[in-house]
Structures are given as C-alpha cells and as structure tokens.
Amino acid sequence: MDNKCTLLEYIVEHPSTDEMREVFLYMDVALKYIHDHNYCIEVFHPSTIYVLDDKPNYVEFSSIMELPKDSLKSQAYIQKDIFNSSFIQIALYTRIGDYLKPEFLLEHFDEIATFLPEGDVPYYRGVIQRNANVYLSEYTAEKTNRDLKQLSQELNDKSIEEYKDEVDVLSNDQVNDKIYRQINADKAFISFLLIPVILLLGGILFTILRYLSIIQ
C-alpha cells in the first residue's frame, strides 16, 4: 500500500472527535495485535504511525521490535506502550501535540479531560494516573456491555424483553495480518528452521537409545 499518511496528517484531514476516536480504536487494536505476537513499539510517535489508504482500520506502526523474553520486562514494555498510546491520543484530541508533557498531563488531567470524549475519560484517567494496563478497545467493549445491561434492566422494569446479546472486543486480524506480514513471516521462518533441528535431534536420540539397547 503506497498511499499512506502519518497519524498526524490523518487527524488534520479528519478532525472530528468521532473520526479521531475511530482511528484511535483501530490503533489500539493494532497495538494489541503487535503485543499478542510478542512485539512492541520501538519509537512511539505520531510521525512513525501511519494510516494506509485513508482507512481508519489500516494502522501501521512502522517502528517495532521484539519483546524481551523476561516476562516482567515484557509486561513493562506493554504497559509503557499503552501509556504512550493514550498520551498521544490525548495530545491529538487537545491539539497540544508535542507541547504536551507527561508531568503536565498528570498534574492537570481534570482540566484536559474536558477535551476528551466523555465516555472515555475514566479509561484515560486510569492509564495516565494509575498506569492501568488495559486496552482502549477492551474498555470500550466492557463499557458498552455495562450500558446495555443497565438499559436491559430499565426496559425490564417496563415489561420489555431483556437485551441478551453482548458486544465483543473489536477485532481487525485480517487487516493486521496483511500490514504486519513481517511478524508472521519471522515466526514462520523460525518454525521452518526449528522443525528440521527437532527432527535431527530426535533421530540422534533414537539412534543413541537403540545403540544402548543393543549393547546391554
């Protein structure tokens, strides 16, 4: 996909809150996809995040790296990515951009929160002030389901059938499989190398065991 623009350029062309929130949700889904494949973001900045073909669900983080093998370090990297993602989103919602600093945001969150989508304020507060390790897409699904259950109870009070369906966490795997082919290619290549090695070692072990059984 040759037609791509930076996240900042996309926001300039799509400045409404609803449009920004849509691309931020898919950015969050892409981030979770990357984490789920044991990668994280090496350079987290709007200039290294691209929207492809002017489609909000085609979000590409151009600077990624493998997560550390150590689980505690890996979790710290993931938490940092989630914080950085929320920080960038807030900076773009408020039009402050690079002038926004983490210390200022932490100290003046309540004033800045007035520029954010009202329903998402608890999420951003949790991430910024309490280092909550939660994805925006997961929060959105959970909030929607809570709202639906509350509505269902209200409707039941009026003898109307209960709402029973639940909203799933937003997924975009088909698109992200295409955008992040390199992640899957690396894993496939490693598997391609490992299988012959495992078979070879298995053959050697079998030969040794067979030899030992003969000489005993």
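On a predicted model such as this, the values are computed, not experimentally measured, just so you know.

Calculation notes
- Residues numbered from 1 in each chain as written.
- Predicted model: local features only at pLDDT ≥ 70, side-chain atom pairs only at ≥ 80, totals over all residues.
- Heavy atoms only, no water.
- Buried < 20%, exposed > 50% of the residue type's maximum accessible area, 1.4 Å probe, protein only.
- Helix = DSSP H or I, 4+ residues; strand = E, 2+ residues; numbered from the N terminus.
- Pairing = 2+ DSSP bridges.
- Axes fitted to C-alpha atoms, helices over the stretch in contact; angles between N-to-C directions.
- Contact = heavy atoms within 4.5 Å.
- 1 Å grid on protein atoms, 1.4 Å probe; cavity = no way out; pocket = protein on both sides within 12 Å on 5 of 7 lines; lining within 4 Å.
- Points joined across faces, edges and corners; volume = space filled by probe spheres on them.
- Nonpolar A, V, L, I, M, F, W, Y, C, P; charged D, E, K, R; others polar.
- Phe/Tyr/Trp six-rings, centres within 6.5 Å; stacked < 30°, edge-to-face > 60°.
- pLDDT = per-residue confidence, 0-100.

Of all the residues in helix α6 (residues 121–130), the buried ones are Val121, Tyr123, Tyr124, Gly126, Val127 and Ile128. Looking one or two places after α6, you find Asn131, whose phi comes out positive at around 55°.

The next point concerns the sheet that holds strand β1 (residues 4–6). An order of β1-β3-β4 is seen for the three strands of this open sheet, with the pairing classed as antiparallel. Edge strands, defined here as strands with exactly one partner in the open sheet, are β1 and β4 (59–61). The mean inter-strand angle of the sheet, taken between neighbouring strand axes irrespective of direction, is 30°. Relative to strand β3 (residues 49–52), β1 is paired through three bridges, and the arrangement is antiparallel. Its bridge partner being in β3, Cys5 is matched across the sheet by Val51. The sheet strands contacting helix α2 (residues 17–36) are β3 and β4, and the helix crosses β4 at an angle near 45°.

By volume, the largest pocket amounts to about 280 Å³. Together, 15 residues line the largest pocket, and His45, Pro46, Ile88, Gly97 and Asp98 are the ones closest to its centre. A per-element tally of the lining of the largest pocket places helix α3 (residues 71–93) first, with five residues. The residue inventory of the lining of the largest pocket, partitioned by class, reads eight nonpolar, five polar and two charged.

Quick look at the side chain of Asn176 now. One can find Asn176 in helix α8 (residues 173–179). By relative accessible area, which is 1% here, Asn176 ends up buried. When neighbours within four sequence positions are excluded, Asn176 is seen to be in contact with Val29, Ala30, Tyr33 and Val59.

Another point: the environment of Asn57. When you line up the elements, Asn57 lands in the loop between β3 and β4. When the C-alpha positions of Asn57 and Asn172 are compared, they lie 7.4 Å apart, and in sequence the two are 115 residues distant. Those residues in contact with Asn57 that lie beyond four places of it in its chain are Tyr26, Asn172 and Val175.

Under the defined criterion, the tally for this structure stands at seven aromatic pairs. Note on Phe24 and Tyr93: the rings are 5.1 Å apart at their centroids and 85° apart in plane angle, and the pair reads as edge-to-face. Taken together, the residues Phe24 in helix α2 and Tyr93 in helix α3 connect sequence positions 69 residues apart. Residue Phe24 is classed as buried on the basis of its relative accessible area, which comes to 0%.

On average, residues of the chain carry a pLDDT of 87, and 80% of them reach 70 or more. Across residues 188–195 the pLDDT falls below 50, and counting only partners more than four positions away or on other chains, this stretch makes zero contacts in the model.

Counting through the fold element by element, Lys178 comes out in helix α8. Note: C-alpha distance between Lys178 and Tyr58 (120 residues apart in sequence) is 9.5 Å.

All right, on to the environment of Val121 then. Turning to its location among the elements, Val121 is positioned in helix α6. Once the C-alpha coordinates of Val121 and Phe109 are considered, the two residues, twelve residues apart in sequence, prove to be 9.7 Å apart. Not counting the four nearest positions on each side in its chain, Val121 is found in contact with Phe109, Ala113 and Leu116.

Turning our eyes to something else, we now look at the pairing of β3. Here β3 runs beside β4; their pairing, made up of three bridges, is antiparallel. Considered in β4, the bridge of Ile49 is made with Phe61. Taken together, β3 and the strand that follows it, β4, pair antiparallel across an intervening segment of six residues, in which Asp53 is found at a positive phi of about 55°.

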